[in-house]
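Overview (structure and organization)
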Amino acid sequence: MSRIRVQSTSRTLSVLVSTLFTAIADLETSLSPSLTLSRFRAHTFTLSDGVYVLHIIQATFWLVIMREPPFPIKLFIPILYGLALLIPLTSQFFLPAIPIFSWVLTFYTSRFIPAAYRPTISVSLLPTLESVLYGANISDILTRFTHPVLDIIAWLPYGVIHFVGPFVVAAALWLFAPKPALKFWASVFGYMNLAGVWCQILFPCSAPWYELIYGLTPANYSMPGSPGGLARIDALFHSKGYTTTFSNAPVVFGAFPSLHAGCGTLAALVVSHFFPALTPYACAYTGILYWATMYLTHHYLIDVVGGACLATACFYLFLPTELATGPNTVTRNKHELYDLEAPAANRRVSTFSTTSSLDSQDEEEQDIAYRSPTAPSSATAFVPQPGPPRRSHNHTASIASLIRADERVEDGWSPIGQGFVLPPTPSGAMPQKDWERGERQIPLQAIPRQPEARSGSGIPRSRSPNTTS
């Protein structure tokens, strides 16, 4: 058993190393800015490229109000980023990551917004909404019992995996997913966090730790942040890392929406989409992260729901069409995917003989309500047309054409007849015993006559169910 495990592990490592070298070989290694400039001149600009103008405007705004680092040192930020975009080796990473850097710049520089221009901080809105929507303060219930083991379980997804996970997902997509998947991850991850930070700036709300420390007293922007339940982790490891980090957080009153819950939900959606076998593990991690955000007193339940909804909306909004069908599925139209016949406008029209009416009925699927009861006056023979063979489908005959067909023929209707004709007069008289039993007899005048057979490719003979050959 141990030998099998060793062989399986070595095989997995071999595949991983081979995939890594293949991915590295596909990277752009040029250092020539002229190559980037030539690609820029050859690029066909579309309306979607206007988003980069918005990024430039936003970055200019944040650089103007930024006080740390001071002027002119902060000018090195756009200069260095411009050089990274100009060199092909680095531009392949920094160009798709523009939404992520835009989010980081917004998150960091928001602390320099003057307090006079900031909205009023809401202290009682979130706990009130949670009590109204869910019947109780769920986050408060989850924090009433704490234990070092629970602290470790909550700390790992909230304080460790949350910061490392996005890089792990990016590496997995780079190695094993289609090439556009990494760009999609960078875009959706950056824009989701950017939208969440702007929501926290425009609608500031206090977290549960504020209610535990200050109650429902009004808050102001001069108050420092708090590590909440992560202070127990600092005490457990005899450090002050989380206390220092959260006390100096740029966005102190950013409880809604929970970007921890948003990032976890987004990672679970991406992993389950591109790596379906890992779906249970991704869902388990996300569920534990939801609980950890409330157990550590950083978010209310409504914050978690808001972050999850934001992540789900961004995922399906930014998911491109070529990736929507999964990593191993070739994009096909709906006719090929479900083995349907192509629309009439997209296929060659050919002339069919009425002798193949049953086959034509199977393939055309025409509604009986719009089918003419009479055949055309003349029918031409089927002439094979040159061209590629036509792929047939696995459809059955129309259900409507099979329901109560005998009654429709009995009423004088036939899809291949030329009209209503009188049948020949029977040679023998009707047996007397049929009249004596009182059975219903069909008038002879209502029975359609069998049309005469025609030579060549004429109209086939129609047979009434009440006559015998």
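Keep in mind that this is a model prediction, so the values were computed, not measured. Along each chain, residue indices are assigned from 1 in the same order as the chain's sequence is written. Given that the model is predicted, a residue must reach a pLDDT of at least 70 before its local features are reported, and side-chain atom pairs must reach 80 or more before they are shown or counted; all residues, however, enter totals for whole chains, interfaces and linings. In computing side-chain properties, one takes all heavy atoms of the structure into account and sets aside hydrogens as well as water.

As for the environment of proline 280
Looking at the secondary structure, you find proline 280 in helix α15 (residues 279-295). Sequence separation between proline 280 and alanine 268 is twelve residues, and the spatial gap between their C-alpha atoms is 9.2 Å. Numbering goes from the N terminus for both helices and strands, where a helix is a DSSP run of H or I of at least four residues and a strand is a run of E of at least two.

What about the side chain of threonine 265?
Topologically, threonine 265 is positioned in helix α14 (residues 259-274). Judged by relative accessible area, which is 8%, threonine 265 ranks as buried. When checking whether two residues touch, look at their non-hydrogen atoms; a contact exists if any pair is within 4.5 Å. Ignoring anything within four residues of it in the chain, the contact list for threonine 265 reads Thr286, Tyr290, Ala308, Ala311 and Thr312. When a residue's accessible area, from a 1.4 Å probe over protein chains only, is under 20% of the maximum for its type it is buried; when over 50% it is exposed; and in between it is partly exposed.

Notes on a nonpolar patch on the surface
On the surface, Phe71, Ile73, Leu75, Phe76, Ile79, Leu80 and Leu83 cluster together to form a nonpolar patch covering roughly 740 Å² of accessible area. Position of leucine 75 among the secondary structure elements: in the loop between α3 (51-65) and α4 (76-86). The class of leucine 75 is partly exposed, set by a relative accessible area of 37%. Patch membership requires more than 30% relative accessible area and the absence of a salt bridge. Residues of like charge join within 9 Å; the nonpolar side chains Val, Leu, Ile, Met, Phe, Trp and Tyr join within 5 Å. In these tables, accessible area is a Shrake-Rupley quantity obtained with a 1.4 Å probe, and a residue counts as shielded only by the protein chains included in the view. Any carboxyl oxygen of Asp or Glu that lies within 4 Å of a side-chain nitrogen of Lys or Arg is treated as forming a salt bridge with it.

Looking at the side chain of serine 102
Within the element layout of this structure, serine 102 appears in helix α6 (residues 98-109). A residue is classified by how much of its surface remains accessible, and serine 102, at 8% relative accessible area, is buried. In contact with serine 102, other than residues within four places in its own chain, are His55, Gln58 and Leu194.

Here we look at unusual backbone geometry
Following glutamate 68, the chain continues into proline 69 via a peptide bond in cis, with omega recorded as 0 degrees. Relative to the helices and strands, proline 69 resides in the loop between α3 and α4. In this model, phenylalanine 71 is joined to proline 72 through a cis peptide bond whose omega is 5 degrees. The phi dihedral of histidine 238 falls on the positive side, at around 55 degrees, and the residue is not glycine. Within the element layout of this structure, histidine 238 appears in the loop between α12 (230-237) and α13 (241-247). Of note in this structure, threonine 297 is not a glycine but carries a positive phi near 60 degrees. Inspection of the secondary structure puts threonine 297 in the loop between α15 and α16 (301-318). Since its relative accessible area comes to 8%, threonine 297 is described here as buried.

Description of the packing of α15 against α16
Angles here are taken between N-to-C directions and fall from 0 to 180 degrees, while the axes themselves are lines fitted to C-alpha atoms, restricted in helices to the stretch in contact. The interhelical angle for the contact between α15 and α16, taken along N-to-C directions, is 140 degrees, at an axis separation of 9 Å. Our classification of the angle between α15 and α16 gives oblique. Of the two elements, α15 crosses α16, and the hand of that crossing is right-handed. Facing α15, whose interface residues are Tyr290, Thr293 and Met294, α16 presents Leu301, Val304 and Ala308. The residue inventory of the contact of α15 with α16, partitioned by class, reads five nonpolar, one polar and no charged. Each angle receives one of four descriptions, namely roughly parallel if under 35 degrees, roughly antiparallel if over 145, roughly perpendicular if within 65 to 115, and oblique otherwise. Handedness of a helix crossing follows the sense of rotation of the near helix relative to the far helix, less than a right angle counterclockwise being left-handed and clockwise being right-handed. Following the grouping adopted for this structure description, the nonpolar residues are Ala, Val, Leu, Ile, Met, Phe, Trp, Tyr, Cys and Pro, the charged ones are Asp, Glu, Lys and Arg, and the polar ones are all others, Gly among them.

Some thoughts on the pattern of salt bridges
A complete count under the given rule lists three salt bridges for this structure. A salt bridge links glutamate 28 to arginine 39; the nearest nitrogen and oxygen atoms lie 3.1 Å apart. Taken together, the residues glutamate 28 in the loop between α1 (2-25) and α2 (33-42) and arginine 39 in helix α2 connect sequence positions eleven residues apart. Here glutamate 28 falls in the partly exposed class, since its relative accessible area comes to 22%. Where arginine 144 meets aspartate 140, a salt bridge forms, and the shortest distance between an N and an O atom there is 3.0 Å. Owing to a relative accessible area of 27%, aspartate 140 belongs among the partly exposed residues under this scheme.

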